[in-house]
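Here is how the chains run, residue by residue.
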Amino acid sequence: IEQCTNKVLLAELKHTLGSAKYYQGLLDDSERILLNSLPELEKRRSHIEGYTTHYLRHINSIRGHSARVLHWAHKELESGLKTEDNVVTAYALYGMADGLGRSGEFEKAIDSASESGQRLRRSKSLACIIADQELGRAFLQASRYDEAVAVTKAGRDELIRNFAFVELMLDTYAILVEAML
């Protein structure tokens with residue numbers, strides 16, 4: 001990677017390496033590498049910028065830093081809008097729902113997660129399950145238990161129908177159980 005002289009390719013390689021470190025659970029390394037790739041990606045208006053901010057948002061969500069989750073969700077949204085990437089925009093919206101819910105802004109979180117789900121359904125993306133998961137979490141945080149149960153049951157059914165058992169979507173079960181208690 002150090003031998004690469006193409007700045008754009010180097011930034012994309014760093015994004016890939018930072019993403020791999022994220023999946024290895026090496027969050028400090030991932031964050032450092034992703035932050036290092038970002039300036040060049042921002043200059044080039046690369047769609048990869050949105051995915052880089054997406055991982056930076058996830059890192060801060062894992063760490064429980066709601067203000068930083070919102071910061072990166074806003075950057076992710078800006079990237080999705082400027083590159084006209086509807087999926088990145090939708091990811092940013094469910095990320096905002098996460099940060100808003102953690103900050104006690106439950107109605108705004110509900111609105112953000114709802115919009116994310118609508119966008120992802122229009123794109124026919126199974127990530128709508130994640131948006132619904134965040135919507136269920138926001139309903140739960142707002143003590144709107146019946147709505148939390150309804151949306152997470154629908155998400156669970158979508159998981160089963162599409163055999164979409166990936167780690168990012170499995171919070172659906174925990175939220176459903178908590179909402180039913």
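Residues numbered from 1 in each chain as written. Predicted model: local features only at pLDDT ≥ 70, side-chain atom pairs only at ≥ 80, totals over all residues. Heavy atoms only, no water.

Engineer: Let's hear about the overall build of the chain: which residues, and what values?
Structural biologist: Scanning the chain from N- to C-terminus turns up 9 helices and 0 strands. The C-alpha atoms of the chain give a radius of gyration of 17 Å, which matches the 16 Å a tight globule of 181 residues would have. Across its three principal axes, the chain shows a C-alpha extent of roughly 55 × 35 × 30 Å. Buried positions account for 48% of the 181 residues belonging to the chain. Residue pairs at least 24 apart in sequence account for 55% of intrachain contacts in the chain once pairs closer than 6 positions are excluded. Working note: accessible area of the chain is about 9300 Å², and carbon and sulfur atoms make up 53% of it. For the chain, the separation between the mean place of its 23 positive charges and that of its 26 negative charges on side chains is 3 Å. (Helix = DSSP H or I, 4+ residues; strand = E, 2+ residues; numbered from the N terminus. Rg over C-alpha atoms; globule rule 2.2 N^0.38 Å. Buried < 20%, exposed > 50% of the residue type's maximum accessible area, 1.4 Å probe, protein only. Contact = heavy atoms within 4.5 Å. Areas by Shrake-Rupley, 256 points an atom, 1.4 Å probe, with all protein chains shown as cover. Lys, Arg positive; Asp, Glu negative; His and termini not counted. Charge placed at Lys NZ, Arg CZ, Asp CG, Glu CD.)

Engineer: Before we move on, could you go through the environment of Asp 28 and cite the residues and values that matter?
Structural biologist: Checked against the element boundaries, Asp 28 lands in helix 2 (residues 27-44). Its relative accessible area of 57% is what places Asp 28 among the exposed residues. Considering only alpha carbons, one finds Asp 28 and Ala 127, 99 residues apart in sequence, at a separation of 26 Å.

Engineer: Please provide a residue-by-residue account of the side chain of Arg 119, values included.
Structural biologist: Relative to the helices and strands, Arg 119 is located in helix 6 (residues 106-122). Classification of Arg 119 as buried rests on a relative accessible area of 19%. At a separation of 2.7 Å, a polar atom in the side chain of Arg 119 contacts the side chain of Asn 86. What Arg 119 contacts, discounting residues up to four positions off in sequence, is Asn 86, Thr 89, Ala 90 and Leu 93. (Polar contact = N/O pair within 3.5 Å; in protein donor to acceptor, adjacent residues only side chain to side chain.)

Engineer: Just give me the short version of unusual backbone geometry, but keep the residues and values in it.
Structural biologist: Phi is positive for Lys 124, which is not a glycine, with a value near 55°. For Ser 143, which is not glycine, the phi torsion reads 60° and is therefore positive. Accessibility expressed as a relative area gives 45% for Ser 143, which makes it partly exposed.

Engineer: For the pattern of salt bridges, give the residues involved together with the corresponding values.
Structural biologist: Scanning all chains against the criterion turns up 18 salt bridges. For Arg 119, the salt bridge identified is with Glu 115, shortest N-O distance 3.2 Å. Residue Arg 119 and its partner Glu 115 are located together in helix 6, separated by 4 residues, close to a single helical turn. As a salt-bridge pair, Arg 121 and Asp 132 come within 2.4 Å of each other at their nearest N and O atoms. In this pair, Arg 121 is assigned in helix 6 and Asp 132 in helix 7 (residues 128-141), connecting sequence segments 11 residues apart. Note on Arg 121: relative accessible area 42%, which makes it partly exposed. Here the salt bridges do not stand alone but share partners, grouping Asp 28, Glu 31, Arg 63 and Arg 68 into one network. (Salt bridge = Lys/Arg side-chain N within 4 Å of Asp/Glu carboxyl O.)

Engineer: Describe helix 7, and please don't skip the residues or the numbers.
Structural biologist: Relative to the 20 Å expected for 14 residues at 1.5 Å per residue, helix 7 spans 20 Å between its end C-alpha atoms, a close match to the ideal helical length. Of all 14 residues that make up helix 7, 12 are buried, and the element is covered over most of its length. (Expected span 1.5 Å × (residues − 1).)

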